[in-house]
Amino acid sequence: MALCSSSSSSSQKAWIVHGILAGTAIAAAIGAHAYLGRCRKFRSRVVGIIPARYASSRFEGKPLVQILGKPMIQRTWERSKLASTLDHVVVATDDERIADCCRGFGADVIMTSESCRNGTERCNEALEKLEKEYDVVVNIEGDEPLIEPEIIDGVVKALQVAPDAVFSTAVTSLKPEDGLDPNRVKCVVNNRGYAIYFSRGLIPFNKSGGVNPDFPYMLHLGIQSFDSKFLKVYSELQPTPLQLEEDLEQLKVLENGYKMKVIKVDHEAHGVDTPEDVEKIESLMRERNMS
């Protein structure tokens, strides 16, 4: 089931390869021969975790909303299962309604506590309850029902070839009309492919106070991977000022001085943030003859 045209797919793969090659160059600088000799075993065991909660101030029960006859959480799970880098995919939730739904379509479910403050903490708790050990944990947000499996693979591979990073994520081009939307998280990256900052506001912000239609703003996508050892550290870190102000958990990573690898992909983001977004998703799926 194709989500992009062949030209779009080629462009996406080119961006992913670019990010991976940048990471490889960094590895070479610290000792390529030794690193590449063990690269096949480095961060090789990967689990995808879809954190899901029922309570939400903007959209209660969002994971269970029907999208063309299937719960949104099921569509996200089905797309995630297509990623070649994931050894296992589970749903982590604190709600029996979500758990029962997921078990009904065949997903493995890990029950987590209601005290988890965000998806990353829920992923960490789920990781501790899994029977097997994993090197990389991919946090796949359940409100991205059209997530590309290739993007999941790209984020995993970017972390595998960047030993100085503990976290990796993906961005795509931001539409000018979304520049001032606080539900669309923006990102700026340095020239080595590492994140500088994330914000709900427009970044960079020019002195005219408006969106520059010629500037390549970047939109953060709802997927990120962690080194599993760092994930445990993350959950023990205290909330940080920028994280709390922006309500963005990625900022706790940056504020504590850790590195985050970023790949850019060609992906038309279609996350579900409000009930109105459901109709947009369904219209797009009908256009693409997706069922």
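Residues numbered from 1 in each chain as written. Predicted model: local features only at pLDDT ≥ 70, side-chain atom pairs only at ≥ 80, totals over all residues. Heavy atoms only, no water.

(A) Quick peek at the overall build of the chain. Secondary structure summary: the chain contains 10 helices and 11 strands in total. Looking at the chain residue by residue over its 291 residues, the buried ones come to 54%. Long-range contacts, defined here as pairs at least 24 residues apart, represent 70% of the contacts in the chain between residues at least 6 apart. (Helix = DSSP H or I, 4+ residues; strand = E, 2+ residues; numbered from the N terminus. Buried < 20%, exposed > 50% of the residue type's maximum accessible area, 1.4 Å probe, protein only. Contact = heavy atoms within 4.5 Å.)

(B) Representation of the state of the cysteines in the model. All chains considered together, the criterion is met by 0 disulfides. The thiol of Cys101 is unpaired, and the distance to the nearest cysteine sulfur, on Cys102, comes to 5.2 Å. (Disulfide = S-S within 2.5 Å.)

(C) A look at the nonpolar core. Leu86, Cys102, Val138, Ile151, Ile152 and Ile223 are the most contacted members of the largest nonpolar core, which totals 33 residues. Among the secondary structure elements, those contributing two or more residues to this core are β1 (46-52), α3 (72-80), β4 (88-93), α4 (96-104), β6 (136-140), α6 (149-160) and β10 (218-227). Looking at this core element by element, the count peaks at 6 residues for α6. Excluding residues within four positions of it along the chain, Ile223 makes contact with Val138, Asn139, Ile151, Ile152, Val155, Ser168, Thr169 and Ala170. Core analysis: the second largest hydrophobic core is formed by 29 residues, Ala92, Ile110, Phe198 and Leu251 among them. (Core = buried A, V, L, I, M, F, W, Y, C linked by side-chain atoms within 4.5 Å.)

(D) The layout of surface pockets, seen in detail. Its volume calculated, the largest pocket comes out at about 1400 Å³. Arg53, Arg58, Glu141, Asp143 and Glu249 are the residues nearest the centre of the largest pocket, which is lined by 47 residues in total. Put simply, the parts of the chain that give the lining of the largest pocket at least two residues each are β1, α3, α5 (119-129), β10, α8 (241-246) and α9 (250-255). The residue inventory of the lining of the largest pocket, partitioned by class, reads 16 nonpolar, 13 polar and 18 charged. (1 Å grid on protein atoms, 1.4 Å probe; cavity = no way out; pocket = protein on both sides within 12 Å on 5 of 7 lines; lining within 4 Å. Points joined across faces, edges and corners; volume = space filled by probe spheres on them. Nonpolar A, V, L, I, M, F, W, Y, C, P; charged D, E, K, R; others polar.)

(E) Expanded view of unusual backbone geometry. Ile203 connects to Pro204 through a cis peptide bond whose omega is -10 degrees. One can find Pro204 in the loop between β9 (195-199) and β10. For Asp247, which is not a glycine, the phi torsion comes out positive at approximately 55 degrees. Take Asp247: its relative accessible area is 56%, and that puts it in the exposed class. The phi torsion at Asn289 lies on the positive side, around 55 degrees, for a residue other than glycine. Note that Asn289 resides in the segment after α10 (275-287).

(F) Here's a closer look at the environment of Leu219. By the secondary structure assignment, Leu219 is in strand β10. Its relative accessible area of 7% is what places Leu219 among the buried residues. Spatially, the C-alpha atom of Leu219 lies 9.1 Å from that of Asp178, the residues being 41 residues apart in sequence.

(G) A look at the packing of α5 against helix α7 (residues 228-236). Close contact between α5 and α7 brings their axes to 9 Å; oriented N to C, the two are set at 120 degrees. Judged by the angle between their axes, α5 and α7 are oblique. Between α5 and α7 lies a crossing whose hand is left-handed. Packed against α5, whose contacting residues are Thr120, Glu121, Cys123, Asn124 and Leu127, the element α7 presents Ser228, Leu231, Lys232, Tyr234 and Ser235 at the interface. Within the contact of α5 with α7, the residues separate by chemical class into 4 nonpolar, 4 polar and 2 charged. (Axes fitted to C-alpha atoms, helices over the stretch in contact; angles between N-to-C directions. Parallel < 35°, antiparallel > 145°, perpendicular 65-115°, else oblique. Left-handed = near helix turned anticlockwise from the far one by under 90°.)

(H) Looking closely at the confidence of the model for the chain. Mean pLDDT over the chain: 86, with 85% of residues reaching 70 or higher. Counted against residues more than four places away or in other chains, residues 1-8, with its pLDDT under 50, gives 11 contacts. The low-confidence segment residues 24-40, where pLDDT is below 50, has 14 contacts with residues more than four positions distant or belonging to other chains. (pLDDT = per-residue confidence, 0-100.)

(I) Here's a closer look at α5. Burial within α5 is extensive, with 9 of its 11 residues counted as buried. Between the side-chain oxygen of the N-cap and the backbone nitrogen of Thr120 there are 3.1 Å, and the N-cap of α5 in question is Asn118. (Polar contact = N/O pair within 3.5 Å; in protein donor to acceptor, adjacent residues only side chain to side chain.)

(J) Spatial organisation of the packing of aromatic side chains. Considering all chains together, one arrives at 7 aromatic pairs under this definition. An aromatic cluster is present here, built from Phe167, Phe226, Phe230, Tyr234 and Tyr258 joined pairwise through their rings. When the ring centre of Tyr54 is taken as reference, the NZ or CZ atom of Arg97 above it lies at 3.6 Å. Above the face of the Tyr194 ring, Lys259 is positioned so that its terminal group lies 5.3 Å from the ring centre. (Phe/Tyr/Trp six-rings, centres within 6.5 Å; stacked < 30°, edge-to-face > 60°. Lys NZ or Arg CZ within 6 Å of the ring centre and 35° of its normal.)

(K) Highlighting the pairing of strand β11 (residues 260-264). Across the 5 residues of β11, 5 count as buried, placing the element largely inside the fold. Residues Met260, Val262 and Lys264 line one face of β11 and the alternating positions Lys261 and Ile263 line the opposite face, and both faces are buried. Bridge analysis of strand β7 (residues 167-173) against β11 gives 5 bridges, and the strand direction is parallel. Looking at β11, one finds that Val171 is bridged to Lys264. (Pairing = 2+ DSSP bridges.)

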